[in-house]
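Listed below are the residues making up each chain.
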Amino acid sequence: MNGYNPAAAPTHGRRRSLLSMITTNPWQPPLPDLYTQAADADLRARIRKAKAALGKKLLILGHHYQQDAIIEFADFTGDSYELSRQAAAQKDIEFVVFCGVHFMAESADILTDPSVHVILPDLGAGCSMADMANIDQAIECWDQLRRHCPGQRIIPITYVNSSAAIKAFVGEHGGAVCTSSNCRKILQWALSEDGANASTPTDSKNKILFLPDQHLGRNTAYAMGYPLDRMILWEPTQELGGNQPGQLQQAGLVLWKGHCSVHMLFRPEHVDQARAKYPSVKVIVHPECQWDVVQKADQAGSTSWIIKQIQAASPGSQWAIGTEVHLVNRLARQHPEQKIIVLSECQCLCTTMYRIDLPHLCWALENLAQNNVLNRISVDPPTRRWALVALQRMLALSAGPNPA
Ligand code: SF4
């Protein structure tokens, strides 16, 4: 993997090679017939056998959006950051098979001991959002912001759904990672770090560069009382991100133009349709959804927070949930006493995560059981160092309960 190299820091005006942009879609070899032609029952039995042979050396992690056939074999399920922390907390493991997407495996590699091998069963399991911010573009943006906003303090914040190179960039420039659970706390920190103890977010003299999900940044800042007219969008393919110099100087929040292709599928009219069909329904959405969807919803919060709301709800509750379809369908099966539907009837599934299937899991595990480590995700030491700074800064800032 090609990561962030401090020697090529933006202040030196140098640029990374184009190879550094290829972080989430390396080449995945086609699987042999032994895997692609096998029946599911056969693959399940072989996965169980390989897992048993690897014993306590192995940890299998399954993201909430993963298909049930894979979740069946997961030692832990959770969101991306919970899973990485689980991996880091385990003793004596040698292998982590991460059934998620590429940036999640990178985070697990960063947070675990360097001796632990982190494996992604299909290298094609990337994340369209993480791919929307590459390190060269981030460096260019940083240079332009600094040039046009002299004397202003700029703090970069990246959503955990980003490449290790972006996390390292943020860590080296005094910023932090955030998750959808602690985004509010991290933004509060960045805004209050202006030396003037700003009493409201709008009073802050600091400027935040928020990568790569514009929607999480906008929704969270707006919920904190930050006005939309102090936010600008940074389109990375355009000079000055598509803005005028004056706009850059006046903006408090610079939102990178990235999004999740799954959560973008939810639209305001889906909220209307759900309410028309089920008048008592509560609409609950993920903050990666667009601002107007979040405004129409009853509640918005992270994946883990959504799960907790459903677990705590009374029998007979009705929910229309705006997040990935596998999670919503699983919640519906686990809570038959409630009515739970996906907010939209469109297939809102994470197609890249869906690439991790029984054949790929079996292929990775059977090879591992024969001491053949395939698809290892390894973050280079300089990138790891600075990405860890950004992750640890988040951890220090987010200790204690998180607002939804
Ligand atoms: S659901 Fe969206 S943000 Fe999450 S991994 Fe898939 S594309 Fe990326």
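See the structure shown above.
The notes below deal with the structure included here. (Residues numbered from 1 in each chain as written. Predicted model: local features only at pLDDT ≥ 70, side-chain atom pairs only at ≥ 80, totals over all residues. Heavy atoms only, no water.)

1. Comments concerning the pattern of salt bridges
Proximity of charged atoms lets side chains of opposite charge pair with each other.
Then comes step 1: Applying the stated criterion to the full structure yields 13 salt bridges.
Then comes step 2: Two residues, R355 and D122, come together in a salt bridge whose shortest N-O distance is 3.3 Å. You can see R355 sitting in the loop between β13 (339–342) and α16 (358–369) and its partner D122 sitting in the loop between β4 (117–119) and α6 (128–131), a full 233 residues away along the chain.
Then comes step 3: With a relative accessible area of 38%, R355 lands in the partly exposed category.
Then comes step 4: Residue class for D122 comes out buried when judged on its relative accessible area of 2%.
Then comes step 5: Ionic contacts of the salt-bridge type, sharing partners, join the residues D42, R46 and E366 into one network. (Salt bridge = Lys/Arg side-chain N within 4 Å of Asp/Glu carboxyl O. Helix = DSSP H or I, 4+ residues; strand = E, 2+ residues; numbered from the N terminus. Buried < 20%, exposed > 50% of the residue type's maximum accessible area, 1.4 Å probe, protein only.)

2. Some points on the site of the ligand
Then comes step 1: As a structural note, the neighbourhood of the ligand is formed by Y65, V101, C127, S128, M129, N161, C260, V262, E288 and C350.
Then comes step 2: Within the shell around the ligand, the residues separate by chemical class into seven nonpolar, two polar and one charged. (Near = heavy atom within 4 Å. Nonpolar A, V, L, I, M, F, W, Y, C, P; charged D, E, K, R; others polar.)

3. Considerations on helix α17 (residues 381–397)
Then comes step 1: Under the 1.5 Å per step criterion, the end-to-end length of α17 is 24 Å for 17 residues, consistent within 8% with the ideal 24 Å.
Then comes step 2: Looking only at α17, the buried set comprises T383, R384, W386, A387, A390, L391 and M394. (Expected span 1.5 Å × (residues − 1).)

4. Some remarks on helix α10 (residues 214–223)
Then comes step 1: Among the 10 residues that make up α10, eight are buried, leaving the element largely enclosed by the rest of the structure.
Then comes step 2: Those residues of α10 lying buried are Q214, H215, L216, G217, R218, N219, T220 and A221.
Then comes step 3: If you check the start of α10, you find a side-chain oxygen 3.1 Å away from the backbone N of H215, and it comes from D213.
Then comes step 4: Once α10 ends, the next one or two residues include G225, with phi positive near 100 degrees. (Polar contact = N/O pair within 3.5 Å; in protein donor to acceptor, adjacent residues only side chain to side chain.)

5. Some points on the sheet that holds strand β2 (residues 76–78)
Hydrogen bonds between backbone groups are what pair the strands of a sheet, and the pairing can be parallel or antiparallel.
Then comes step 1: Ordered in space as β2-β1-β3-β4, the four strands form an open sheet in which the pairing is parallel. Edge positions in the sheet fall to β2 and β4, since each has one partner strand and no second. Neighbour-to-neighbour, the strand axes of this sheet turn through a mean angle of 20 degrees, independent of strand direction.
Then comes step 2: Pairing analysis gives five bridges linking strand β1 (residues 58–63) to strand β3 (residues 95–99), with the strands arranged parallel. From the neighbouring strand, L59 faces β3, where its bridge partner is V96. (Pairing = 2+ DSSP bridges. Axes fitted to C-alpha atoms, helices over the stretch in contact; angles between N-to-C directions.)

6. Focus: the pairing of strand β8 (residues 231–234)
Then comes step 1: Here four bridges tie β8 to strand β9 (residues 253–256), and the two strands are oriented parallel to one another. Pairing of M231 across the sheet is with L253, part of β9.
Then comes step 2: Crossover connection from β8 via helix α11 (residues 245–250) to parallel β9: handedness right-handed. (Right-handed = clockwise from strand over helix to strand, strands pointing away.)

7. As for the packing of aromatic side chains
Then comes step 1: This structure, assessed with the given rule, holds two aromatic pairs.
Then comes step 2: Measuring from ring centre to ring centre gives 5.7 Å for W142 and F169, while their planes differ by 90 degrees; the resulting arrangement is edge-to-face. Placement of W142 in helix α7 (residues 135–148) and of F169 in helix α8 (residues 164–172) is noted, with a sequence separation of 27 residues between them.
Then comes step 3: On the basis of relative accessibility, which here comes to 0%, the residue F169 falls in the buried class.
Then comes step 4: Ring plane angle 90 degrees and centroid distance 5.2 Å describe the contact between Y222 and W291, whose orientation is recorded as edge-to-face. (Phe/Tyr/Trp six-rings, centres within 6.5 Å; stacked < 30°, edge-to-face > 60°.)

8. Looking at unusual backbone geometry
Then comes step 1: Residue P212 follows L211 across a cis peptide bond; omega there is -25 degrees.
Then comes step 2: The backbone of N371 sits at a positive phi, close to 60 degrees, despite the residue not being glycine.
Then comes step 3: Along the polypeptide, N371 turns up in the loop between α16 and α17.
Then comes step 4: Given a relative accessible area of 66%, N371 falls into the exposed group.

9. Notes on the sheet that holds β13
Then comes step 1: Spatially, β11-β10-β12-β13 is the arrangement adopted by the four strands of the open sheet, whose pairing is parallel. Each end of this open sheet is capped by a strand with a single partner; those strands are β11 (299–300) and β13.
Then comes step 2: Relative to β11, strand β10 (residues 282–285) is paired through two bridges, and the arrangement is parallel. In the sheet register, V285 faces β11, and the bridge partner there is A300.

10. So, the packing of helix α9 (residues 183–192) against α17
Then comes step 1: Between α9 and α17, the least distance of the axes is 10 Å, while the angle of their chain directions is 95 degrees. Of the possible angle classes, the one that applies to α9 and α17 is roughly perpendicular. Along its contact with α9, which presents K185, I186 and W189, the element α17 presents R393, M394 and L397.
Then comes step 2: Considered class by class, the residues forming the contact of α9 with α17 number four nonpolar, no polar and two charged. (Parallel < 35°, antiparallel > 145°, perpendicular 65-115°, else oblique. Contact = heavy atoms within 4.5 Å.)

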